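# A look at the structure
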Amino acid sequence: MALNNRYDFVLLFDVKDGNPNGDPDAGNLPRVDAETGRGLVTDVSLKRKVRNFVGIVKGEQPPFEIYVKEKAILNKQHERAYQGIGAADLLGGEDKKRKGGDKVNEARDWMCKNFYDVRTFGAVMSTGVNCGQVRGPVQLTFARSVDPVVAQEHSITRMAVATEAEAEKQDGDNRTMGRKFTVPYGLYIAHGFVSAHLANQTGFSEEDLELLWKSLEQMFEHDRSAARGEMATRGLYVFRHDSQLGNAPAHSLFSRIQPKLNDGVAVPRDFSDYTVSVNEEGMPPGVTLERKA
């Protein structure tokens, strides 16, 4: 079923004693805004969790396959598209691989139909075997912590070594030292957008939308690891517009959701240290607010 409404949403989640999104260019330290000290989680990280959840729930079967996944070879998926539309003969030479003949749009539509993340987030599929480009109807911002966070460094010990040579050097002590980084606590807020206009171009449906809400609600429950500590969705506030173009600017709606540290709390260490105020008074005509989580 086609989408007839624009949506804007606010996602609240927190982390306790974990690293929500390490920066590989900084030794896997938690990402932090250098000027404000507030923690960051990239949109790519959040989309990864949505993809993983959909893969679990739908069993990686069409029309809910996942295009960008661990160890995937993207051009192999592009080749499947040409085979699926009966144009496998265009995969013979390198020039034809790059151009895709006159079947690029058909291949693009096949990818949208079969891969959930392509029709949701979009994709650049013009590498090698050309399946065109898709601008996704669902977009997410970086998540930013409500208050500054502190990245703590911990020394950890493994009571084993990898090789016999290491064991000989330690005279049988067999210990390996390492480092681990955590945020003691952080409450993060991200904003998201769903375009009905783009959804109808990619085939993103009402069923896909409900799956997105479910993913954002439950994705942390199926992404546990010692490195990430305790992470949980603490709120999902969805603004539904009565029209495809929308009835109010997104920024004016987002400002209605305001997490604030409680008076007397100097250092937050739990979600209960915050109060989330939701202003539903004087909502713009044609906009309704629903809390999903």
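Our subject is the structure that appears above.
Below or above, wherever it landed, is the structure these notes cover. Please read these numbers as outputs of a predicted model, since none were measured by experiment.

## Topic: the overall build of the chain
If you tally the helices and strands in the chain, you get 9 helices and 14 strands. Seen through its principal axes, the chain has C-alpha atoms that stretch 65 × 65 × 35 Å. Put simply, 72% of the contacts in the chain that link residues at least 6 apart link residues at least 24 apart. When the 38 basic and 41 acidic side-chain charges of the chain are each reduced to a single mean position, those positions are 3 Å apart.

## Details of helix α1 (residues 43-58)
Under the 1.5 Å per step criterion, the end-to-end length of α1 is 22 Å for 16 residues, consistent within 8% with the ideal 22 Å. Immediately beyond the C-terminal end of α1, within one or two residues, lies G59, with a positive phi of roughly 65°.

## Focus on helix α8 (residues 206-218)
With 13 residues, α8 should reach 18 Å at 1.5 Å per residue; the first-to-last C-alpha distance of 19 Å fits that figure. Looking at α8, one finds that the buried residues are D208, L209, L211, L212, W213, S215 and L216. Summarising the contacts, the buried residues of α8 are in contact with β1 (7-18), α1, α5 (116-121), β7 (138-140), β10 (176-194) and β11 (230-241).

## A word on the pattern of salt bridges
Applying the stated criterion across every chain, the model contains 18 salt bridges. K103 is the salt-bridge partner of E106, the closest N and O atoms lying 3.3 Å from each other.

## A look at the side chain of D8
Its place among the elements puts D8 in strand β1. Using a relative accessible area of 1% as the deciding quantity, one classes D8 as buried. One polar contact links D8 to H241, side chain to side chain, over a distance of 2.8 Å. Not counting residues within four places of it along the chain, the set of residues in contact with D8 comprises G192, F193, Y237, V238, F239, H241, A250, L253 and F254.

## Concerning the pairing of β1
Judged by how many residues are buried, β1 sits mostly within the fold: 10 of 12 residues are covered. Where β1 and β10 come together, 11 bridges link them in antiparallel fashion. Opposite L12, over in β10, you have I189 as the bridge partner. Examined bridge by bridge, β1 and β11 share 10 bridges and lie antiparallel to one another. From the neighbouring strand, K16 faces β11, where its bridge partner is E230.

## Some details on the environment of I189
Mapped onto the elements of the fold, I189 is located in strand β10. When the C-alpha atoms of I189 and P137 are compared, they prove to be 20 Å apart, with 52 residues separating the residues in sequence. What I189 contacts, discounting residues up to four positions off in sequence, is V10, L11, L12, F142, A143, R144, I257 and P259.

Criteria and thresholds
- Residue numbering note: each chain is counted from 1, following its sequence as written.
- Only residues with pLDDT of at least 70 get local features here, since the model is predicted, and only at 80 or more are side-chain atom pairs given and counted; chain-wide, interface and lining totals rely on the full set of residues.
- Values shown for side chains rest on all heavy atoms present in the structure; no hydrogens or waters enter the calculation.
- Each helix is a run of H or I in the DSSP string that is no shorter than four residues. Each strand is a run of E no shorter than two, and both are numbered from the N terminus.
- Only heavy atoms enter the contact rule, under which two residues are in contact if any of them lie within 4.5 Å.
- Charge assignment in this entry is limited to Lys and Arg as positive and Asp and Glu as negative, and neither His nor the chain termini are counted.
- Charge positions are represented by NZ for Lys, CZ for Arg, CG for Asp and CD for Glu.
- One less than the number of residues in a helix, times 1.5 Å, gives the span that helix is expected to have.
- Each residue gets one of three labels from its accessible area relative to the maximum for its type: buried under 20%, exposed over 50%, partly exposed in between, using a 1.4 Å probe on protein chains only.
- One side-chain nitrogen of Lys or Arg within 4 Å of one carboxyl oxygen of Asp or Glu is enough to make a salt bridge.
- Two N or O atoms count as a polar contact when they lie within 3.5 Å, although within protein this holds only if one can serve as hydrogen donor and the other as acceptor, and sequence-adjacent residues are included solely when both atoms are side-chain atoms.
- A pair of strands is labelled paired if DSSP reports no fewer than 2 bridges between them.

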